[in-house]
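Notes for the structure review
Listed below are the residues making up each chain.
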Amino acid sequence: MKKHDNLITYAVVIAAYAVFQILAATGNLSSHMKGLLVPMTYYAVIAVALNLCVGILGELSIGHCGFMCIGAFTSAFFSKLTEESLPGPLRFFLAFVIGIAFAALFGFLIGIPVLRLKGDYLAIVTLAFGEIIKNVINAFYIGVDSKGFHFSLKNSMELGMEKEGNLIVNGAMGITGTPHDSNFTVAIVVLLISLFVVLNLVKSRDGRAIMAVRDNNIAAEATGINVTRYKMMAFVISAAIAGAAGVLFSHNITTLTASSQYFGFNASIMILVYVVLGGIGNIRGSVIAACVLYLLPELLRGLNTYRMLIYSIVLIVMMIVNWSPKVIEWRKRVTSSLRRA
Amino acid sequence: MALLEVNNLCISFGGLRAVDDFNITIEKGELYGLIGPNGAGKTTVFNLLTGVYKPNEGIIRLDGEDITRKSTIEINHAGVARTFQNIRLFKNMPVIDNVKVGLNERFKYSTLEGILHLGKYRKVEKEIDDEAMRLLKVFDLDSERDTLAANLPYGKQRKLEIARAMATNPKLLLLDEPAAGMNPNETKELMETIALVRSKFDMTILLIEHDMKLVSGICEKLTVLNFGRVLCQGETKEVLANPEVITAYLGG
């Protein structure tokens, strides 16, 4: 790995941020586009998280939206609860702490059974856990009044709250009215921190151990590497970053529901598509792929009928550019000649 | 006191006694060979010694310490390193990182320091880098430091596997058929590498091998396994002249 590789990644993110900010300031960005910037960034964050799990650890997880879901709900719950009592920036910071901590905790708990499995089996079980998380949250009714918390799995009437009580989680209707704390700048900062954590981890002794487990766990064990410990470490960090993406998500929309559209199987697969097309194990590629592939269908809305056709062509082109050995060879030739020039 | 002492080691898989009443004593600094026909249980013995399988009976002592039922990781930390019959490298990692993984448990800093690149990170990483380069130089792999392990030629992959094992600073090195698949030139080079490991690190080595030229050339003592039992044990010359060994394994 080259010395300045990481710096280039940070520079790309900051440059993209600057470009969008200038476009917005000069009035060249429609309000529709402005609304897409935060989602684009949190999808980049979760793509980085998933790449840590799939590319660096080498375990295919297709339930990562479940961790995002946990981060989203726990943080939104906290923000709703403390909306009046805490100042905005502090509340948002604590929301991050809580969202990340809970996602990490669930990453650990789910990791205990899941990381005993391998390959397809691991993928299937993570998929199941992702769906379970979503469905369980859909069944929660939680309210608070002067007597404290009320909890039910049936409906909001069962809570038996006082009249002035505050219904926070309303079953499948989710959490309504989470403070709108997310913005593009915070999202970019979260993305930069996630990149910093993952890229630095890869270049440390723990990162090497994780990749050794990926490449050959029998040899890793015989070399004295604690396979279980390092698998868990990578999985928990990955879940925690996915939780951070969830915090950005829940503080960017008015009504947070644990719907399939955002946290279901399809959403997890979509993020996996970002990771695979950006290059498995290539963190910078994940960020670029997430941004391009998230924005593209939205930008092509005008072309209505041809939208999905163009999207699929872009997927194929990205696949060729990132995976075809001939094209990779050609890319290397071009970059090395550029370097010499 | 012997470095490795194994007494009455037994393991069964179902009704099959794969290894039965296996005994071996290896003194410090010895180069010991384990030979026998295919299916005799040689690799099973290695797997028992490294904790991959747990024996039904018997005791394994390394340097006086009982390591019989310990895990693979604990046994490695206690001082046993190995290579594999079918090479197992970290293929998608550069050559130097393969060795650095071997150094992982010897040069430490916390995960947090690793993520922030602060504290002991720089100092320890420098030490890891220096030590890894020193090992690569010994094995004449320093020119390949950034090559992916998968792209190394066969002979060098074997060497790298030995270098990685040596990085864990073992007391005993187990080599499982190091010359398998090698041409005569590569085998010759391997013999030089093994001699180098012995002289440079004062290493005790137990190796499994079918290449009799290599075995008779470098091993000081031999144990012959047949159907999971020890057929014959002793000085190389005497063992190779034993009529039972000739019928069971060498042919002649």
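Residues numbered from 1 in each chain as written. Chains lettered and ligands numbered in written order. Predicted model: local features only at pLDDT ≥ 70, side-chain atom pairs only at ≥ 80, totals over all residues. Heavy atoms only, no water.

Turning next to the overall build of chain A. Scanning chain A from N- to C-terminus turns up 14 helices and five strands. Expected size for 341 residues packed as a compact globule is a radius of gyration near 20 Å; at 21 Å, chain A falls within 12% of this value. Out of the 341 residues in chain A, the part that is buried amounts to 51%. Excluding contacts between residues fewer than 6 apart, the proportion of contacts in chain A whose partners are at least 24 apart in sequence is 72%. Of the roughly 15,600 Å² of accessible surface on chain A, a fraction of 67% belongs to carbon and sulfur atoms. Of the charged side chains in chain A, 26 are positive and 16 negative; the average position of the first set lies 13 Å away from that of the second. (Helix = DSSP H or I, 4+ residues; strand = E, 2+ residues; numbered from the N terminus. Rg over C-alpha atoms; globule rule 2.2 N^0.38 Å. Buried < 20%, exposed > 50% of the residue type's maximum accessible area, 1.4 Å probe, protein only. Contact = heavy atoms within 4.5 Å. Areas by Shrake-Rupley, 256 points an atom, 1.4 Å probe, with all protein chains shown as cover. Lys, Arg positive; Asp, Glu negative; His and termini not counted. Charge placed at Lys NZ, Arg CZ, Asp CG, Glu CD.)

Further remarks concern the environment of Ile188 of chain A. All names here are of chain A. Positionally, Ile188 belongs in helix 6 (residues 184-202). For Ile188, a relative accessible area of 9% translates into the label buried. Ignoring anything within four residues of it in the chain, the contact list for Ile188 reads Val13, Tyr17 and Thr41.

Let us now look at the interface of chain A and chain B. On the chain B side, the residues contacting the 29 residues of chain A number 32 residues. Among the residues of chain A in contact with chain B, Arg205, Arg208 and Thr223 of chain A are the three that bury the most area, contributing 30% of the side total. The tally of links from chain A across to chain B stands at one salt bridge. Among the ionic pairs, Arg208 of chain A bridges to Glu125 of chain B, the shortest N-O distance being 3.1 Å. Sorting the residues of the side of chain A that touches chain B by element identifies helix 6, helix 7 (205-215), helix 8 (217-222) and helix 9 (227-250) of chain A as the ones contributing at least two each. It is helix 7 of chain A that contributes the most residues to the side of chain A that touches chain B, eight residues altogether. (Buried area = accessible area lost by both parts, 1.4 Å probe. Salt bridge = Lys/Arg side-chain N within 4 Å of Asp/Glu carboxyl O.)

Turning our attention to helix 7 of chain A. For helix 7 of chain A, a buried count of 10 out of 11 residues is recorded, marking the element as mostly surrounded by other parts of the structure. For helix 7 of chain A, the full list of buried residues reads Arg205, Asp206, Gly207, Arg208, Ala209, Ile210, Met211, Ala212, Val213 and Asp215 of chain A.

Residues and elements named next belong to chain B. Looking at the assigned domains, one finds that chain B contains domain 1 (1-79 + 170-252) and domain 2 (89-168). Relative placement of domain 1 and domain 2: their C-alpha centres are 27 Å apart. At the junction of the two partners, domain 1 supplies 20 residues and domain 2 supplies 12 residues. In this assembly, domain 1 packs against domain 2 so that about 1,400 Å² is buried in total across both faces, 72% of it on carbon and sulfur atoms. (Domains from an automatic or database assignment.)

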